[in-house]
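These are the residues of each chain, in order.
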Amino acid sequence: MSKAIFITGTGTDIGKTYVSGLLVKKLRSSGLNAGYYKPALSGAEEIAGNLIPGDCKFVADIAGIPLAPQELTSYIYKTAVSPHLASQLEHQPIEARVIQADFNKFSHQYDFLTVEGCGGLVCPLRMDDTILMQTDIIKLLGLDLLVVSSAGLGSINNAVLTAHYAASLGITVKGFILNNYDNTHFLHIDNRNMIERLTKVPVIACVPEHASCLDIDTSALCQLFKEV
Ligand SMILES: Nc1ncnc2c1ncn2[C@@H]1O[C@H](COP(=O)(O)OP(=O)(O)OP(=O)(O)O)[C@@H](O)[C@H]1O
Ligand SMILES: [Mg+2]
């Protein structure tokens, strides 16, 4: 029986990959068969003629996944823009059935699969004759969300909007993870409380700057994953 969860953020560059790396590391270092999958990645670096998906490399390195980064994603684009635009410019459209098939492959391979999205929750993957939003993929795969948020000024608005938008589509948010959290900062402490009060969704972990582990009980973390 395999379980999976989808990691989104309140915006791009918010720390989804950093947190995913710590999360998968936590599971694997507890002896669990945990993997990582990123459906599409734009902004890949070209090294010696190969496009390297940086997010996959980061997570594989930190969590000790013995696979090449290219194997952890379905679509790699060089242009550092939204996947719908990168895929259009690079003539490689995203197909939902390819993502579904790769997700199925990984979920058979791993007991706990962490899926990292692109950007924030609202992210177009394809906008030609076919319209494919990231939220369509989340629903297709039947996944719940963990939302990575910043901890400082502006976080309440971004976190609450993300939770409400997910709810409007019938997507469940299991928890928030506050990144770059300073537990001595009155604003961060208040933001944590406000986000929980306003969304009724728990903050399941707070990640300080340069953290090397995720401060959450492993069995509590496992319970957030949903059977797929
Ligand atoms: N807690 C942290 N401590 C130190 N550096 C961090 C932390 N969180 C994120 N970073 C750094 O901030 C940058 C952005 O983080 P990250 O790549 O995880 O964001 P992302 O949401 O995955 O971005 P993208 O939308 O491109 O996938 C990276 O250089 C990452 O190493
Ligand atoms: Mg990332």
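This report concerns the structure included in the present document. (Residues numbered from 1 in each chain as written. Chains lettered and ligands numbered in written order. Predicted model: local features only at pLDDT ≥ 70, side-chain atom pairs only at ≥ 80, totals over all residues. Heavy atoms only, no water.)

## Details of the side chain of Ser155
Inclusion rule: The numbering of helices and of strands both runs from the N terminus, where a helix is a DSSP run of H or I of at least 4 residues and a strand a run of E of at least 2. For the purposes of these results, a polar contact is taken to be a pair of N or O atoms within 3.5 Å, where, inside protein, one atom must be able to donate a hydrogen and its partner to accept one; residues adjacent in sequence count only when each atom of the pair is a side-chain atom. The contact rule is simple, with two residues in contact once any of their heavy atoms fall within 4.5 Å.
Here Ser155 lies in helix H6 (residues 155-168). Among the polar contacts listed, one links the side chain of Ser155 to the side chain of Ser150, at a separation of 2.9 Å. Apart from residues lying up to four places away in sequence, Ser155 is in contact with Ser149, Ser150, Asn191 and Ile195.

## Regarding the packing of helix H1 (residues 16-29) against helix H2 (residues 54-63)
Heads up, the rule is: To obtain each axis, a line is fitted to C-alpha atoms, and for helices this fit is confined to the stretch in contact; angles are then taken between N-to-C directions over 0 to 180 degrees. An angle below 35 degrees is read as roughly parallel, one above 145 as roughly antiparallel, one from 65 to 115 as roughly perpendicular, and any other as oblique. What makes a crossing left-handed is the near helix being turned counterclockwise from the far one by less than a right angle; a clockwise turn instead makes it right-handed. Asp, Glu, Lys and Arg are counted as charged, while Ala, Val, Leu, Ile, Met, Phe, Trp, Tyr, Cys and Pro are counted as nonpolar; the rest, among them Gly, fall into the polar class.
For the pair H1 and H2, interaxial distance at closest approach is 8 Å and the crossing angle is 30°. Our classification of the angle between H1 and H2 gives roughly parallel. The element H1 and its partner H2 pack so that their crossing is right-handed. Contacts from Thr17, Tyr18, Ser20, Gly21, Leu22, Val24, Lys25 and Arg28 in H1 reach Asp55, Phe58, Val59, Ile62 and Ala63 in H2. Of the residues that constitute the contact of H1 with H2, the class distribution is seven nonpolar, three polar and three charged.

## Considering the pattern of salt bridges
Close approach of charged atoms allows side chains with opposite charge to pair. Formally: Every case where a carboxyl oxygen of Asp or Glu lies within 4 Å of a side-chain nitrogen of Lys or Arg is listed as a salt bridge. Three labels apply to residues, based on accessible area from a 1.4 Å probe with only protein chains included: buried if under 20% of the type maximum, exposed if over 50%, partly exposed otherwise in between.
Taken as a whole, this structure holds eight salt bridges when the rule is applied. Between Lys38 and Glu116 there is a salt bridge, with its nearest N and O atoms 3.2 Å apart. Here Lys38, found in strand S2 (residues 34-42), pairs with Glu116, found in strand S6 (residues 112-116); they are 78 residues apart in sequence, far enough to count as distant. Of the residues examined, Lys38 reaches a relative accessible area of 4% and is grouped as buried. On the accessibility criterion, Glu116 (1% relative accessible area) is buried. Several salt bridges converge on common partners, so that one network encompasses Lys38, Asp55 and Glu116.

## A word on the site of ligand 1
For clarity, the cut-off: A single heavy atom is enough: if one lies within 4 Å of a molecule or strand, its residue is considered near that molecule or strand.
The full set close to ligand 1 counts 17 residues, and Thr12, Lys16, Thr17, Asn179 and His210 are the nearest of them. In this structure, an oxygen atom belonging to ligand 1 sits 2.7 Å away from a side-chain N or O atom of Thr12. For ligand 1, a nitrogen atom lies 2.7 Å from a polar atom in the backbone of His210. Looking at the shell around ligand 1, the element that brings in the most residues is H1, giving three residues.

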